[in-house]
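# Coordinate inspection notes
Here is what each chain is made of, one letter per residue.
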Number of protein chains: 2
Amino acid sequence: MLDIKITKTTAPKKLPDKDDPLTFGTIFTDHMFMMDYKEGIGWYDARIIPYQPISLEPSAMVFHYGQEMFEGLKAYKAKDGRILLFRPDMNAKRTNRSCRRLCIPEIPEEDFIQAIKELVKIDSAWVPTREGTSLYIRPFIIATDPFLGVRPSKTYKFIIILSPVGAYYPEGINPVKIWIEDDYVRAVKGGIGEAKAGGNYVASLKAQIKAHDEGYSQVLWLDGVHRKYVEEVGSMNIFFKIDGVVVTPELSGSILPGVTRDSVITLCKSWGYKVEERLISIDEIYEAYQKGKLEEVFGTGTAAVISPVGQLRWKDHIMRIGDGNTGPLSRKLYDSLTGIQLGKLKDIFNWTVVVE
Amino acid sequence: MLDIKITKTTAPKKLPDKDDPLTFGTIFTDHMFMMDYKEGIGWYDARIIPYQPISLEPSAMVFHYGQEMFEGLKAYKAKDGRILLFRPDMNAKRTNRSCRRLCIPEIPEEDFIQAIKELVKIDSAWVPTREGTSLYIRPFIIATDPFLGVRPSKTYKFIIILSPVGAYYPEGINPVKIWIEDDYVRAVKGGIGEAKAGGNYVASLKAQIKAHDEGYSQVLWLDGVHRKYVEEVGSMNIFFKIDGVVVTPELSGSILPGVTRDSVITLCKSWGYKVEERLISIDEIYEAYQKGKLEEVFGTGTAAVISPVGQLRWKDHIMRIGDGNTGPLSRKLYDSLTGIQLGKLKDIFNWTVVVE
Ligand SMILES: Cc1ncc(COP(=O)(O)O)c(C=O)c1O
Ligand SMILES: Cc1ncc(COP(=O)(O)O)c(C=O)c1O
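The model shown is predicted, which means the values in this text are computed figures rather than measured ones.

With that settled, consider the environment of Ile 280 of chain A. Residues and elements named next belong to chain A. Relative to the helices and strands, Ile 280 is located in the loop between β15 (275-278) and α7 (282-290). Looking at Ile 280, the relative accessible area reads 1%, which means it is buried. Sequence spacing of Ile 280 and Val 247 is 33 residues, and the spatial spacing of their C-alpha atoms is 8.1 Å. Beyond its immediate stretch of four places on either side in the chain, Ile 280 contacts Lys 228, Tyr 229, Val 230, Phe 240, Val 247, Thr 248, Pro 249 and Ile 285.

Here is the structure:
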């Protein structure tokens, strides 16, 4: 149990208007959580302080060697006023998996969750209520040793910031167009692809710009070894419904094990769908498409929840999925997930955690 | 031509003792260079200021998405008092190649070099003179937009800091033991391996710790696709002398195009060696070793210049190179490079640039 010292802001910011649809990741709440790490001491000095800049030496290792990880989850305000977190234990576990891969010291799961809860409670007035909005929670760890040379840092900061958000994609729940990239690679087996590490995201920018220039809003990555197996989208896992079966790439070591991915698999199975986690080649997808068996495609992630895919572009082939509208399974998943997240539907899997 | 505004420190630090052998990357000089970037404006506000912490929003993109790049080069004090840079144009060019891959705005080469020169001039008293020491120059760029979401930042900071340094490896010019990694992967073709990006270094830590635990000081990476072609060492390129021929991995897209690598190739060719830049499988190396034809192995990099390899460990095979001492070619390269860098030898390739 962390002993969190609290210093409240004396200059609270203006809350966004209740009717503001909000953008993503541009405004931040009044407070932040911070905790330091030092070799030989461990994590110490847990505190909630007014939201403020961080001051670091220019030689701080995070600026040079990319030793940093982050997480992302959301808090929702239910109709009855309760504030609900969605599966924060999954983010706590994934944090530690990322930390192990990146040689960052781990954080006890219960401390991770406690820190989130206390911070969200203090800034609870910031949890928005308009449909499609939520409070995005961004925990992250950065390496702070003032040292040039390649080795793990001996000091770190664990920080949590909060941002009231609306839709991540301007398309919202409407189908997006996705570009299948066969030149650039995001991550490879044996690398850091399954960690939520900054290096994976900067690696994705170049292809993202290429896709945008071609009129596509997201990139679907292929594996770095064979350049043919489907991996994931920029910040979502990917699902295909082929001839009635729900198929998604297996966790092979180079993709992020998404919390939404896991939840979608659980929901689909509970509804009687056959769900396959396995290698899926892009040729298989194209063949299914040509045979008229590619029924639905959708991305899953905390930011967008479910993002239906309306079009896939692979080399010169354009695959138009369904009739251009959100498919029935995508819609049902979106409604079920957001229903549970908002406390409107029965939480049969015990996924939500109340902030009290 | 940059108009660099200079603010001198009013509290200069104590210079290290003239006889201090110095460590690597732990002490920094009195001043730093800084310049900002804003979309629509470009790079602006070039300034030299007292060495000081950087203050950033906790949402600054560099902390989350790894959009950062760095360079490394050295300044040396010649016997006649001149301060010499070694091939700074190569670092300027590589900076821009890294920037293009990482979607960071480029910096005009002449501005990059001018900034280094002016900063080194101001802190010229910090260029150490003891044998084996130099002033390490660390230019780097970080993304500073206060924004959560994956896209290139619209604001950046370009910073240069200076550190008087001694040997990068405790071994100095003595042979190091190197572990050949066949589980973890540093980078893959199509990824960011050829950029000097933080993400590549954090990816290397886990294997580095494994190697240290086994008593090896560095990791030699194999390619991420076939897991058999030699790539590079943690922060050095790698060379083999096999049966009289100098062989080094070609620039395939996943390794850093080292300045020292380029200089070593040029020197070896000028001495009449046959130099091959090509794919080299680890089996080929092992076979050459078994036949007694693996004459020398050495790493090349700014930090260590030439680092002879005394032992290679690949799975259960241990290859002992030469007689345990620094090989003649490694020694000759070290003497020639440092000779040119220190202005002791004739600079026939016009590699050094005087800071005046
Ligand atoms: C690369 C990547 N893949 C997948 C996901 C989806 O994971 P989750 O459902 O946990 O948000 C994310 C975003 O979090 C991501 O960044
Ligand atoms: C990954 C990597 N490879 C190779 C090198 C050697 O490059 P250079 O000779 O330019 O220092 C470095 C260091 O700079 C490096 O970080």
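Additional details are given in the paragraphs that follow.
Moving on, we get to the UniProt feature "modified residue: N6-(pyridoxal phosphate)lysine" (unreviewed entry) in chain A. Residues and elements named next belong to chain A. The sites that carry the UniProt feature "modified residue: N6-(pyridoxal phosphate)lysine" (unreviewed entry) are, in the present numbering, Lys 196. Among the structural elements, Lys 196 can be located in the loop between β10 (176-181) and α4 (198-202). Excluding residues that lie within four positions of it along the chain, Lys 196 makes contacts with Glu 68, Met 69, Phe 70, Glu 71, Gly 72, Arg 94, Ser 98, Tyr 201 and Leu 256.

This next bit is on the site of ligand 1. All names here are of chain A. Near ligand 1 there are 16 residues, and of these Tyr 201, Glu 232, Val 259, Thr 260 and Thr 302 occur at the shortest range. Between ligand 1 and Thr 302, the relevant distance is 2.6 Å, taken from an oxygen atom to a side-chain nitrogen or oxygen of the residue. Relative to its unbound accessible area of 390 Å², ligand 1 is 96% covered by the protein chains. Listing elements by their share of the shell around ligand 1, those giving two or more residues are α6 (259-270) and β16 (294-301). Looking at side-chain class alone, the shell around ligand 1 contains four nonpolar, eight polar and four charged residues.

Residues and elements named next belong to chain B. In the vicinity of ligand 2, 16 residues are found, and the nearest of them are Tyr 201, Glu 232, Val 259, Thr 260 and Thr 302. One of the side-chain N or O atoms of Lys 196 is found 2.8 Å from an oxygen atom in ligand 2. Measuring from a nitrogen atom of ligand 2, one finds a side-chain N or O atom of Glu 232 at 2.6 Å. For ligand 2, the protein covers 97% of the area, taking 380 Å² as the surface of the free molecule. If you list the elements that add at least two residues to the shell around ligand 2, you get α6 (259-270) and β16 (294-301). Broken down by class, the residue content of the shell around ligand 2 amounts to four nonpolar, eight polar and four charged.

Residue-level contacts link 60 residues of chain B with 60 residues of chain A. Here chain B and chain A share an interface that buries about 5,100 Å² over both sides, 64% of which is from carbon and sulfur atoms. A per-residue breakdown of the area chain B buries against chain A is headed by Phe 63, Leu 148 and Val 150 of chain B, which together make up 14% of the total. Those elements that provide at least two residues to the side of chain B that touches chain A are β4 (54-56), α1 (62-65), β5 (68-70), α2 (88-102), β8 (134-143), α4 (198-202) and α5 (205-213) of chain B. A per-class count over the side of chain B that touches chain A returns 34 nonpolar, 16 polar and 10 charged. Sheet topology note: the strand β4 (residues 54-56) of chain A/β4 of chain B ladder contains three bridges and is antiparallel. Residue pairing for β4 of chain B: Ile 54 of chain A is matched across the bridge by Leu 56 of chain B.

Rules of the game
- Residues numbered from 1 in each chain as written.
- Chains lettered and ligands numbered in written order.
- Predicted model: local features only at pLDDT ≥ 70, side-chain atom pairs only at ≥ 80, totals over all residues.
- Heavy atoms only, no water.
- Helix = DSSP H or I, 4+ residues; strand = E, 2+ residues; numbered from the N terminus.
- Buried < 20%, exposed > 50% of the residue type's maximum accessible area, 1.4 Å probe, protein only.
- Contact = heavy atoms within 4.5 Å.
- UniProt positions renumbered as here; feature names shortened; annotations may be inferred.
- Near = heavy atom within 4 Å.
- Polar contact = N/O pair within 3.5 Å; in protein donor to acceptor, adjacent residues only side chain to side chain.
- Areas by Shrake-Rupley, 256 points an atom, 1.4 Å probe, with all protein chains shown as cover.
- Nonpolar A, V, L, I, M, F, W, Y, C, P; charged D, E, K, R; others polar.
- Buried area = accessible area lost by both parts, 1.4 Å probe.
- Pairing = 2+ DSSP bridges.

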